[in-house]
There are 2 protein chains.
Amino acid sequence: MDTAFRALAEPRRREILKLVWTEELPAAQIAARFDDVTRSAVSQHIGVLKAAELIVERRDGTRRLYRANHTQMDRLRQFLDEYWTGSLQRLQHLAESAEREKGTTDG
Amino acid sequence: MDTAFRALAEPRRREILKLVWTEELPAAQIAARFDDVTRSAVSQHIGVLKAAELIVERRDGTRRLYRANHTQMDRLRQFLDEYWTGSLQRLQHLAESAEREKGTTDG
DNA sequence: CCATTTAGTTAGTTGACACTTACGTTAGTT
DNA sequence: AACTAACGTAAGTGTCAACTAACTAAATGG
């Protein structure tokens, strides 16, 4: 989770992720989109995105094709959602505790 | 945007954010929840969350009360959503370009 | 085998980040 | 004014991340 958020914190990695969102691309073609950074840097970014499971790799001879892992991205959205649902659940627990409290003090 | 993602990448900050999600809390009470870190460190985390506009501050005498900024959190979810809608739009643009291409070569 | 293409890896530098300790600041209290 | 409570801020340290340059590895073709 930490890994995924930290990976997305880097603008360059977000761009890479968008590039491989709809189409599968080899590292060279990804690197070619950036003129102010070396292939090595892009390769390392890809490594970070791969570690965060935001992209997946498919090998084809000497080439390695990358594409976004939509599932992981969806998981992040769900995590953000939990901030709402999670807090609602906590409120519900509080309410239930209050109910029990009433019962114990009563009997 | 970078700031917000980087702020969320830290587990401690995510905990702080959850603490002030439903209730407004002073710094001291937030710091009291953690026994393995100093008040100063918590204060700095709060500073990062504030810079990312994930929490807002309200002053009351010598105390400063914090609460989560739900709007900013919603913005992050929308950003993640754009990865889908955005790519759909790009596909649509491609389709439209192809249509125009047909027209120009034709006439 | 040798050269080429495609891509990952390592070494080293620079800058950012999390943390602690110590100090400064503002609002109440006596 | 002096004291206390509740915070933030500055300085210093260890660790991690991003980047470049140079090297290595695997597949392909003569």
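The model shown is predicted, which means the values in this text are computed figures rather than measured ones.

Draft legend 1. Summary view of the sheet that holds strand 1 (residues 25-26) of chain A. Residues and elements named next belong to chain A. Strand order in the open sheet formed by three strands is 1-3-2, with antiparallel pairing between adjacent strands. The open sheet terminates on both sides in strands that have one partner only, identified here as strand 1 and strand 2 (55-60). Relative to strand 3 (residues 63-68), strand 1 runs antiparallel, the two sharing two bridges. Counted as the bridge partner of Pro26 is Leu65 from strand 3. The strands touched by helix 2 (residues 11-22) within the sheet are strand 1, strand 2 and strand 3, with strand 3 carrying the most contacts at an inclination of about 95 degrees. The sheet contacts of helix 4 (residues 39-51) involve strand 2 and strand 3, and relative to strand 2 the element is tilted by about 115 degrees.

Draft legend 2. Representation of the pattern of salt bridges. Using the criterion set out here, one finds 16 salt bridges over all chains in the structure. Across the pair Arg14(A) and Asp2(B) runs a salt bridge, and its minimum N-O distance is 2.7 Å. One end of the pair, Arg14(A), is in helix 2; the other, Asp2(B), is in helix 1 (residues 2-8), on a second chain. Residue class for Asp2(B) comes out partly exposed when judged on its relative accessible area of 22%.

Draft legend 3. Local environment of the side chain of Gln72(A). Residues and elements named next belong to chain A. Mapped onto the elements, Gln72 comes out in helix 5 (residues 70-106). From its side chain, Gln72 meets the backbone oxygen of Ala52 in a polar contact 3.0 Å long. Reaching out from Gln72, the side chain makes a polar contact with the side chain of Arg75 at a distance of 2.8 Å. Not counting residues within four places of it along the chain, the set of residues in contact with Gln72 comprises Ala4, Ala52, Glu53 and Leu54.

Draft legend 4. How the structure looks around the protein's contact with DNA strand C. Surrounding DNA strand C, one finds 22 residues, the nearest of these being Ala28(A), Tyr66(A), Arg13(B), Thr38(B) and His45(B). Atoms of DNA strand C within 4 Å of the protein belong to the sugar or the phosphate in 70% of instances, the rest to bases. A distance of 3.4 Å separates a phosphate oxygen of DNA strand C from a polar atom in the side chain of Glu10(B). In the environment of DNA strand C, a phosphate oxygen lies 2.6 Å from a nitrogen or oxygen atom belonging to the side chain of Arg13(B). By residue class, the composition of the surface near DNA strand C is six nonpolar, 10 polar and six charged.

Draft legend 5. Focus on the sheet that holds strand 3 (residues 63-68) of chain B. All names here are of chain B. One open sheet accounts for three strands, arranged 1-3-2; its pairing is antiparallel. Both outer strands of the open sheet, strand 1 (25-26) and strand 2 (55-60), are each paired with one neighbouring strand and no more. In the sheet, strand 2 pairs with strand 3 via six bridges, with the strands oriented antiparallel. Directly across from Arg58, in strand 3, lies its bridge partner Leu65. Packing of helix 2 (residues 11-22) onto the sheet brings it into contact with strand 1, strand 2 and strand 3, and relative to strand 3 it is tilted by some 95 degrees. Here helix 4 (residues 39-51) sits on the sheet in contact with strand 2 and strand 3, set at roughly 115 degrees to strand 2.

Draft legend 6. A look at the interface of chain A and chain B. Taken together, the 25 residues of chain A in the interface contact 25 residues of chain B. For the pair chain A and chain B, the summed buried area comes to about 2600 Å², and 67% of that belongs to carbon and sulfur atoms. Considering only the surface of chain A that becomes buried against chain B, Lys18(A), Tyr83(A) and Trp84(A) emerge as the three largest contributors, covering 26% of it. Summed over the shared surface of chain A and chain B, the result is four salt bridges. Connecting chain A to chain B are eight residue pairs in polar contact (both at pLDDT 80 or more). Counting residues per element, the ones that place at least two in the side of chain A that touches chain B are helix 1 (2-8), helix 2 and helix 5 of chain A. With 13 residues, helix 5 of chain A is the largest single contributor of residues to the side of chain A that touches chain B. Of the residues that constitute the side of chain A that touches chain B, the class distribution is 14 nonpolar, three polar and eight charged.

Here is what the cut-offs are and how they apply
- Residues numbered from 1 in each chain as written.
- Chains lettered and ligands numbered in written order.
- Predicted model: local features only at pLDDT ≥ 70, side-chain atom pairs only at ≥ 80, totals over all residues.
- Heavy atoms only, no water.
- Pairing = 2+ DSSP bridges.
- Helix = DSSP H or I, 4+ residues; strand = E, 2+ residues; numbered from the N terminus.
- Contact = heavy atoms within 4.5 Å.
- Axes fitted to C-alpha atoms, helices over the stretch in contact; angles between N-to-C directions.
- Salt bridge = Lys/Arg side-chain N within 4 Å of Asp/Glu carboxyl O.
- Buried < 20%, exposed > 50% of the residue type's maximum accessible area, 1.4 Å probe, protein only.
- Polar contact = N/O pair within 3.5 Å; in protein donor to acceptor, adjacent residues only side chain to side chain.
- Near = heavy atom within 4 Å.
- Nonpolar A, V, L, I, M, F, W, Y, C, P; charged D, E, K, R; others polar.
- Buried area = accessible area lost by both parts, 1.4 Å probe.

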